[in-house]
Each structure stands twice: as C-alpha cells, then as structure tokens.
Amino acid sequence: MTYEEVWKSLVQENEEFPYFYAVYHFFRSKNWVPKAGHQYGGDYVLYQVGPEFYHSTYVVHILGLPSRPRLTWLELHALERVAVSVNKHVLLCEVTPPEGFVVSNSTPRCIFDMEIRETVISRWTPYGRSESQQEDC
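Position numbers for residues start from 1 in each chain and track the written sequence from start to end. For this predicted model, a pLDDT threshold of at least 70 governs which residues receive local features, and a threshold of 80 or more governs which side-chain atom pairs are given and counted, while totals over whole chains, interfaces and linings are taken from all residues. To obtain the side-chain values, all non-hydrogen atoms of the structure were included, while hydrogens and water were left out.

### Some remarks on the confidence of the model for the chain
Here pLDDT means the predictor's own confidence in every residue, given as a number from 0 to 100. Overall, the prediction assigns the chain a mean pLDDT of 89, with 90% of residues at 70 or greater. Helix and strand labels come from DSSP, where a helix needs a run of H or I of at least four residues and a strand needs a run of E of at least two; each type is numbered from the N terminus. The secondary-structure element of the chain with the lowest mean pLDDT is helix 4 (residues 131-135), recorded at 48, while helix 2 (residues 17-29) shows the highest, at 97. It only takes one pair of heavy atoms within 4.5 Å for two residues to be counted as in contact. In the model, residues 130-137 has pLDDT below 50 throughout and makes three contacts with residues more than four positions away in sequence or in other chains.

### Topic: a nonpolar patch on the surface
Patch membership is restricted to residues that have no salt bridge and whose relative accessible area is over 30%. Joining uses 9 Å for like charges and 5 Å for the nonpolar side chains Val, Leu, Ile, Met, Phe, Trp and Tyr. Only the protein chains shown count as cover for residues, and the accessible areas themselves come from Shrake-Rupley with a 1.4 Å probe. One side-chain nitrogen of Lys or Arg within 4 Å of one carboxyl oxygen of Asp or Glu is enough to make a salt bridge. Where nonpolar side chains cluster on the molecular surface, the patch consists of Met1, Val6 and Leu10 and spans about 310 Å² of accessible area. Mapping Val6 onto the fold places it in helix 1 (residues 3-13).

### Brief notes about the pattern of salt bridges
Within this structure, the stated rule accounts for four salt bridges. Here Lys30 makes a salt bridge to Glu118, at a shortest N to O gap of 2.8 Å. Taken together, the positions of Lys30 in the loop between helix 2 and strand 1 (33-36) and Glu118 in strand 5 (residues 115-121) put the pair 88 residues apart, joining distant regions of the chain. In this structure Glu118 comes out as partly exposed when scored by relative accessible area, which is 34%. In this structure, the salt-bridge partner of Arg68 is Asp43, at a minimum N-O distance of 2.3 Å. With Arg68 in the loop between strand 3 (58-63) and helix 3 (73-85) and Asp43 in the loop between strand 1 and strand 2 (44-47), this pair connects stretches of sequence that are 25 residues apart. The rule is simple: take the accessible area with a 1.4 Å probe, protein chains only, and divide by the maximum for that residue type; under 20% is buried, over 50% is exposed, in between is partly exposed. In this structure Arg68 comes out as partly exposed when scored by relative accessible area, which is 26%. Residues joined in a network through salt bridges with shared partners are Glu94, Glu115 and Arg117.

### Concerning the side chain of Glu16
Looking at the element boundaries, Glu16 is found in the loop between helix 1 and helix 2. Counted as positive: Lys and Arg. Counted as negative: Asp and Glu. His and the chain ends are not counted at all. Here Glu16 occupies a buried position and makes no salt bridge, while the nearest side chain of opposite charge, Arg68, is found at 6.2 Å. Of the polar contacts made by the side chain of Glu16, one reaches the side chain of Ser67; its length is 2.7 Å. The residues touching Glu16, leaving out its near neighbours within four places in the chain, are Leu65, Pro66 and Ser67. Between N or O atoms, a polar contact is any pair within 3.5 Å; within protein, one atom must be a potential hydrogen donor and the other a potential acceptor, and residues adjacent in sequence are included only when both atoms are from side chains.

### A closer look at the sheet that holds strand 4 (residues 89-96)
In short, DSSP must find at least two bridges between two strands for them to pair. A sheet is described by the order of its strands in space; here five strands give the open sequence 1-2-3-4-5, paired in mixed fashion. At either end of the open sheet lies a strand with only one pairing partner, and these are strand 1 and strand 5. Averaged over all pairs of adjacent strands, the angle between their axes in this sheet comes to 30°, without regard to strand direction. Summarising the sheet, strand 2 and strand 3 pair through three bridges and their orientation is antiparallel. Each residue of the ladder has a partner; that of Tyr44, found in strand 3, is Val60. Helix axes are fitted only over the stretch in contact, all axes being lines through C-alpha atoms; the angle between N-to-C directions runs from 0 to 180 degrees.

Shown next as structure tokens:
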C-alpha cells in the first residue's frame, strides 16, 4: 500500500481522521508525545518526554470537529474537574481546515493547511493564595 492509499483507508474509516492527525502532528513537531486521552475525557494526553519517564501534563480536547463543533459549559466544567483531580491541565485545541476542505478528497499534506490554535484552561481557586494576596481583595 502506498502512503496515499493508507491515508484514504484511514479517512474512510473515520472522516475526522485528518483533524486528529493534524493535532497529533502539531504536538509531535513541538516535541510533545501525544497518547490517547479517553481515560481523562479528552482526545489526547501530552507527555514532555514519554509515558515511561514522566506523567502527562495536559489533557487535549479538539474543537472544530464536524461531529462536535463546540464545547458546552457543562462539558468544559466536567473536563476541567477531571483534569484537576488527576493533576493535569486542560488544553483546548481548535482545528480550522482551509476553505473548501473536502475530507474525502484530502491527502496527507492537508494537515499543513489546517490552522491550529491552542488555549490552556485553568480553574481559579481561592485556596492556593497566600495571606498577603487574600488581604488585597
């Protein structure tokens, strides 16, 4: 099988594959190690070195997928609560395909045309503040 045939096969299996692979490639290019993140309610978890050496730092949730274009407040709150309970940060990753993008006609090079924006979400809690910070309120 050629590289393009493998791509077509993966796209036929899952039409959102180009989005997931674009995010995977984006973080690999930044020297992060992405692994499946379903156990934490996300799409990926990111390791700085690898799961053998250190715990994951982020739970990644992909935004902009055709099946789930946006995140509700309830989903965001649940994702953040799970992440905090396992000592991770939530990283929202928005994928925007180029105008006129058709998944069935895509090629492996399409991931370089996708715009990817990342946003770290953290929950503010008053318990982590020092006494001097509390007096300022």
